Amino acid sequence: MTSSLPTLLLDLDGTLVDPAPGIIGSVRHALASLGHEPPPFEALHWVIGPPLRESFPRLMGDDAAVEAAVAAYRAVYSKTGLYEATPYPGVREALAAFKARGARLFVCTSKPRPFALRVLEHFGFSPFFDAVYGADLDGRFDDKAELLAHLLRHEKIAPETACMIGDRKFDIGAAKASGVRSVGVLWGYGGAAELRAAGADALCAAPGELAGVVAELFA
């Protein structure tokens, strides 16, 4: 085992899998069930990343109905939506290569942990990870900075030895808040401009390049 390898903290949606059909479809279902006209599918890619309790007020303009919207979303997402995703090509190979070299890997996602566990198991990613950290169903750890800080404390990981890998500004901001280096991935939903503005330490264009980008960041 190579002890000098950084500990990798990986986002799930937009980083390991493309979850657009399941997440966006479930959001549109929730809006329609509460009497709101859902925006077109193509206009909702921004909901991939932030917590639902932040997204629904923007969509409905009615904070009082947020918990009802979250419940309506989960009613369909928990049955079918979480499986309506596609692993990004090359991600499995990248994880296997890190694991083979002795790296510790953790999932750090704003998705509720019970759903994250099912997604990872369904797509065969579970064996790569030492543990999975996600939000609680009641909203605890919806804030990714709080979740990442909790992960570091619980696993006794020194921030300078860790690297957060994700596709949105929430991943980069959480890393910066804890003094963790970060890699913004360009195959997800944030894009280079968002990730640079958030302060990503490096950008990665494809999963096959991830090992090199991380190695350079910790050289």
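Please refer to the structure higher up on the page.
All of these numbers come straight from a predicted model, not from anything done at the bench.

Visitor: I'd love a proper account of the pairing of strand β4 (residues 105–112), names of residues and values included.
Guide: Counting buried positions along β4 yields eight of eight residues, so the element is predominantly enclosed. The pairing of strand β1 (residues 7–10) with β4 spans three bridges and is classified as parallel. When the bridges of β4 are listed, Leu10 appears paired with Val107. Relative to strand β5 (residues 131–135), β4 runs parallel, the two sharing five bridges. Bridge pairing in β5 places Cys108 opposite Tyr133.

Visitor: If you had to explain empty space enclosed by the protein to someone new, which residues and values would you point to?
Guide: For the coordinates displayed, the defined rule picks out two cavities of 30 Å³ or more. Approximately 290 Å³ is the volume attributed to the largest cavity. Asp13, Gly49, Pro50, Ser110 and Lys111 are the residues nearest the centre of the largest cavity, which is lined by 24 residues in total. Listing elements by their share of the lining of the largest cavity, those giving two or more residues are α2 (52–60), α3 (66–77), β4 and α7 (169–178). In terms of residue count, the dominant contributor to the lining of the largest cavity is β4 (four residues). Looking at side-chain class alone, the lining of the largest cavity contains eleven nonpolar, three polar and ten charged residues. When its volume is computed, the second largest cavity comes out at roughly 30 Å³. What lines the second largest cavity is simply Leu10, Thr15, Leu16, Val91, Ala94, Leu95, Trp187, Pro207 and Leu210. At three residues, the largest contribution of residues to the lining of the second largest cavity is made by helix α4 (residues 91–100).

Rules of the game
- Residues numbered from 1 in each chain as written.
- Predicted model: local features only at pLDDT ≥ 70, side-chain atom pairs only at ≥ 80, totals over all residues.
- Heavy atoms only, no water.
- Buried < 20%, exposed > 50% of the residue type's maximum accessible area, 1.4 Å probe, protein only.
- Helix = DSSP H or I, 4+ residues; strand = E, 2+ residues; numbered from the N terminus.
- Pairing = 2+ DSSP bridges.
- 1 Å grid on protein atoms, 1.4 Å probe; cavity = no way out; pocket = protein on both sides within 12 Å on 5 of 7 lines; lining within 4 Å.
- Points joined across faces, edges and corners; volume = space filled by probe spheres on them.
- Nonpolar A, V, L, I, M, F, W, Y, C, P; charged D, E, K, R; others polar.

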